[in-house]
Amino acid sequence: RRGHARAMYWYAQFMLKKACSQEPSLGASAEKFRDLGVTWLKAACEQGHGQAQCHLGSIYAGNGAGPLIPRCDLKPVPYPRDVDQAEKLLHQGAIATDDAPTMWCLARLLLQRAISTKSVDDGQKGALWAERAGKAGVPDALARVARIYLGGSDGAEPVPGVKTDYQKAKTLAEQALKSGSGQTDALKKIVQDAERGLASSFSFERRTSSSAGSSDF
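The shown structure was predicted, so the numbers you read here are calculated from the model rather than taken from an experiment.

> Would you take a moment to explain the pattern of salt bridges for this structure?
Any two side chains of opposite charge can pair, so long as their charged atoms come close to each other. Under the defined criterion, the tally for this structure stands at 11 salt bridges. Here Asp122 makes a salt bridge to Arg113, at a shortest N to O gap of 2.7 Å. Of the two residues examined, Asp122 and Arg113, each falls in the buried class. When the shortest N-O distance is used, the salt bridge between Lys135 and Glu131 registers 3.0 Å. Highlighted residues: Lys135 and Glu131, both in helix 6 (residues 120-135), separated by four residues, approximately one helical turn. The exposure class of Lys135 is exposed, given its relative accessible area of 56%.

So, in structure tokens, the structure goes:
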């Protein structure tokens, strides 16, 4: 039965495409095909199909139920959000496939929850997955995690569990600039803020060292 996971996945895509093609878009027919698509995705997930785990996790994360088919721009049908299921499936899918958008979706989910619940564990995991997503090819993820390492010095709300690291913020922001992120101005500001933070830290360390030396006499 494991050999049928790929067929389950693609049949789910067919059902979700039908769901998104219905008129009215939120009518009974759309919900029927949507639920069938999700059911087949669940079946594929139970067989350990990595792409299905990524897709269903994204649906549970609140991105809507739509097909992942090349050159298909149909609007997804809304589906109830389930953060716990989303985290579980996105984590499984990210590990199974190394899919960068899935890592980024998981990172955003964890970071949002970390800030709202003040969870240190979610904050640390979210920053880690954002960095992995960035290095796997998502420039916006690099930009986000670079800002996280500023530690709120730019006015943003700090992420619980993530210590300020100006050098890392600067390095990641520069990587994001080189990778072609569209957030050019914001990234340049992160670099500037990080450089100011490094200069301030260096100045503080010099003053502290000087004071310690003076107290010896």
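> I'm lost on the state of the cysteines in this one. Help?
Here, the word disulfide means a covalent bond between the sulfur atoms of two cysteines. Counted according to the given criterion, the structure contains zero disulfides. The thiol sulfur of Cys54 is not disulfide-bonded, and the nearest other cysteine sulfur, from Cys45, lies at 8.8 Å. Assessed through its relative accessible area of 9%, Cys54 is described here as buried. Not part of a disulfide, Cys72 finds its nearest cysteine sulfur in Cys20, a span of 7.1 Å. Residue classification places Cys72 among the partly exposed positions, given a relative accessible area of 22%.

> So what exactly am I meant to see when it comes to the environment of His55 here?
Here His55 shows up in helix 3 (residues 50-63). With a relative accessible area of 3%, His55 lands in the buried category. When the C-alpha atoms of His55 and Pro67 are compared, they prove to be 8.8 Å apart, with 12 residues separating the residues in sequence.

> Looking at this model, I keep getting lost on the side chain of Lys170. Mind explaining?
For Lys170, the location among the structural elements is in helix 8 (residues 166-179). Residue Lys170 is classed as buried on the basis of its relative accessible area of 17%. Polar side-chain contacts of Lys170 include one of 2.8 Å to the side chain of Glu174. In contact with Lys170, other than residues within four places in its own chain, are Val191, Ala194, Glu195 and Leu198.

Conventions used here
- Residues numbered from 1 in each chain as written.
- Predicted model: local features only at pLDDT ≥ 70, side-chain atom pairs only at ≥ 80, totals over all residues.
- Heavy atoms only, no water.
- Salt bridge = Lys/Arg side-chain N within 4 Å of Asp/Glu carboxyl O.
- Buried < 20%, exposed > 50% of the residue type's maximum accessible area, 1.4 Å probe, protein only.
- Helix = DSSP H or I, 4+ residues; strand = E, 2+ residues; numbered from the N terminus.
- Disulfide = S-S within 2.5 Å.
- Polar contact = N/O pair within 3.5 Å; in protein donor to acceptor, adjacent residues only side chain to side chain.
- Contact = heavy atoms within 4.5 Å.

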